[in-house]
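Fold and contact review
The primary structure of each chain is shown beneath.
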Amino acid sequence: MPMFGRGPLLASLLRRSSSKRPLAAHRPFSHYTFEYELYSNCPEEVAHPIHPEKQHDPLHGTAGRAMQKSCFQHVKWRIPAVACVYDALSRMVSDNVNALAVTTVSSGGNGSSGCTISGLFTTRDFMHKMALKDRDARTVTVGEVCSWRLISVTKSTPIEKCMEIMLEHGVRHLFIKDDVNSEIIGLVSIKDIVKCLISKEKATLDHLETKLYLNELASSAY
């Protein structure tokens, strides 16, 4: 269904409000309400994850939805801790990203080994720990200057909660974990979060305008 502009719709509602049979007389305001979940100012226990069936709905923005549309989905966003900083910067410039997940070798219980995401290297790490100290990017490893603090959320975390966590910890990137096994499956930037928030607000407005328009049509039938 096409979305209708607010100008004609609001003008129509104003005309009805001054008529003998205002729209409100036939449709109470509660009829116009719809699901709109705001978590930005909610305590931790109230910020419940979005149900899996709603995670891809624009009206229910989540970390998983932001991850799907992130530029990190199309690049190699992991780099070994033993790689030199120069290689990390080269990849970041080439892929137009400001961060890379840092991996380390981990040993499994059966003697096998694999790579585990253990840290995050960002352009701020380079500026603060290398550029201002005149260190050689070809000899310093990523593991020497990266941050080993992992700030993460699950796929179903509401997008407002993601923003709240970023502001609380002063970070520009979040790791995304699987809802089931808590494995890190993605990385998003603050730009991805903001874009998802804007998309949700637009979807919310369109949803409300459509419901108001349908109520206007139903009321005019009386």
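Up top you'll find the structure we're talking about.
Below is a summary of the structure that appears in this document. Bear in mind the structure is a predicted one, so any value in this text is a computation, not a measurement. (Residues numbered from 1 in each chain as written. Predicted model: local features only at pLDDT ≥ 70, side-chain atom pairs only at ≥ 80, totals over all residues. Heavy atoms only, no water.)

Positive phi is not limited to glycine here, since Asp 134 has a value of about 55°. Tracing the backbone through its elements, the reader meets Asp 134 in the loop between helix 5 (123-129) and helix 6 (142-145). Even without being glycine, Ser 182 reaches a positive phi, approximately 60°. Within the element layout of this structure, Ser 182 appears in the loop between strand 5 (173-177) and strand 6 (184-189). For Ser 182, a relative accessible area of 44% gives the class partly exposed. (Helix = DSSP H or I, 4+ residues; strand = E, 2+ residues; numbered from the N terminus. Buried < 20%, exposed > 50% of the residue type's maximum accessible area, 1.4 Å probe, protein only.)

Below, the discussion takes up the sheet that holds strand 4 (residues 152-154). In a beta sheet, neighbouring strands are held together by backbone hydrogen bonds and run either parallel or antiparallel to one another. Ordered by their spatial adjacency, three strands build an open sheet running 4-5-6, and the pairing between neighbours is mixed. Lying at the two open borders of the sheet, with one neighbouring strand each, are strand 4 and strand 6. With direction set aside, neighbouring strand axes in the sheet form an average angle of 35°. As defined by bridge partners, strand 5 adjoins strand 6 across five bridges and the pair is classed as antiparallel. From the neighbouring strand, Leu 174 faces strand 6, where its bridge partner is Val 188. Sheet contacts for helix 7 (residues 159-169): strand 4, strand 5 and strand 6; angle to strand 5, the most-contacted strand, approximately 130°. (Pairing = 2+ DSSP bridges. Axes fitted to C-alpha atoms, helices over the stretch in contact; angles between N-to-C directions. Contact = heavy atoms within 4.5 Å.)

In this structure, the largest pocket spans a volume of roughly 560 Å³. Along the wall of the largest pocket there are 28 residues; nearest its centre are Asn 98, Thr 122, Arg 172, His 173 and Ser 189. Contributions of two or more residues to the lining of the largest pocket are made by strand 3 (113-122), helix 5, strand 5 and helix 8 (190-220). Sort the elements by how many residues they give to the lining of the largest pocket and helix 5 lands first, with five residues. Counted by class, the lining of the largest pocket contains eight nonpolar, 10 polar and 10 charged residues. Within this model, the second largest pocket holds a volume of roughly 160 Å³. If you go around the second largest pocket, the residues you meet are Arg 78, Ile 79, Pro 80, Thr 103, Cys 115, Thr 116, Ile 117, Glu 183 and Ile 184. At the level of elements, strand 1 (78-80) and strand 3 are the ones that each hand at least two residues to the lining of the second largest pocket. Taken together, the residues that form the lining of the second largest pocket break down as five nonpolar, two polar and two charged. (1 Å grid on protein atoms, 1.4 Å probe; cavity = no way out; pocket = protein on both sides within 12 Å on 5 of 7 lines; lining within 4 Å. Points joined across faces, edges and corners; volume = space filled by probe spheres on them. Nonpolar A, V, L, I, M, F, W, Y, C, P; charged D, E, K, R; others polar.)

Let us now look at the packing of aromatic side chains. The relative placement of two aromatic rings is captured by the distance of their centres and the angle of their planes. The final tally for this structure, using the stated rule, is zero aromatic pairs. Of note, Arg 78 hangs over the ring of Trp 77, and the distance from its end group to the ring centre comes to 4.0 Å. Over the ring of Tyr 86 we find Arg 138, and its NZ or CZ is 3.7 Å from the ring centre. (Phe/Tyr/Trp six-rings, centres within 6.5 Å; stacked < 30°, edge-to-face > 60°. Lys NZ or Arg CZ within 6 Å of the ring centre and 35° of its normal.)

This part takes up helix 4 (residues 85-95). Among the residues of helix 4, Val 85, Ala 88, Leu 89 and Met 92 are the ones counted as buried. Across the axial projection of helix 4, the buried residues extend over an arc of 95°, all falling on one side. Within two residues after helix 4, Asn 96 carries a phi angle of roughly 60°, on the positive side. (Arc of directions from axis to C-beta.)

One pass over the structure, following the stated rule, counts four salt bridges. In this structure, the salt-bridge partner of Lys 161 is Glu 164, at a minimum N-O distance of 3.2 Å. With Lys 161 and Glu 164 both in helix 7 and three residues apart, this pair spans about one turn of that helix. For Glu 164, a relative accessible area of 22% translates into the label partly exposed. (Salt bridge = Lys/Arg side-chain N within 4 Å of Asp/Glu carboxyl O.)

Take the pairing of strand 6 next. Counted residue by residue, strand 6 has five buried out of six residues, so it is predominantly covered. The hairpin formed by strand 5 and strand 6 contains six residues between the paired strands, and Ser 182 there has a positive phi angle of roughly 60°.

Of all five residues in strand 5, four are buried, a share of seventy percent or more. With three bridges joining them, strand 4 and strand 5 adopt parallel strand pairing. What sits directly across from Val 153, in strand 5, is Ile 176. Considered for its hand, the β-α-β crossover made up of strand 4, helix 7 and strand 5 is right-handed. (Right-handed = clockwise from strand over helix to strand, strands pointing away.)

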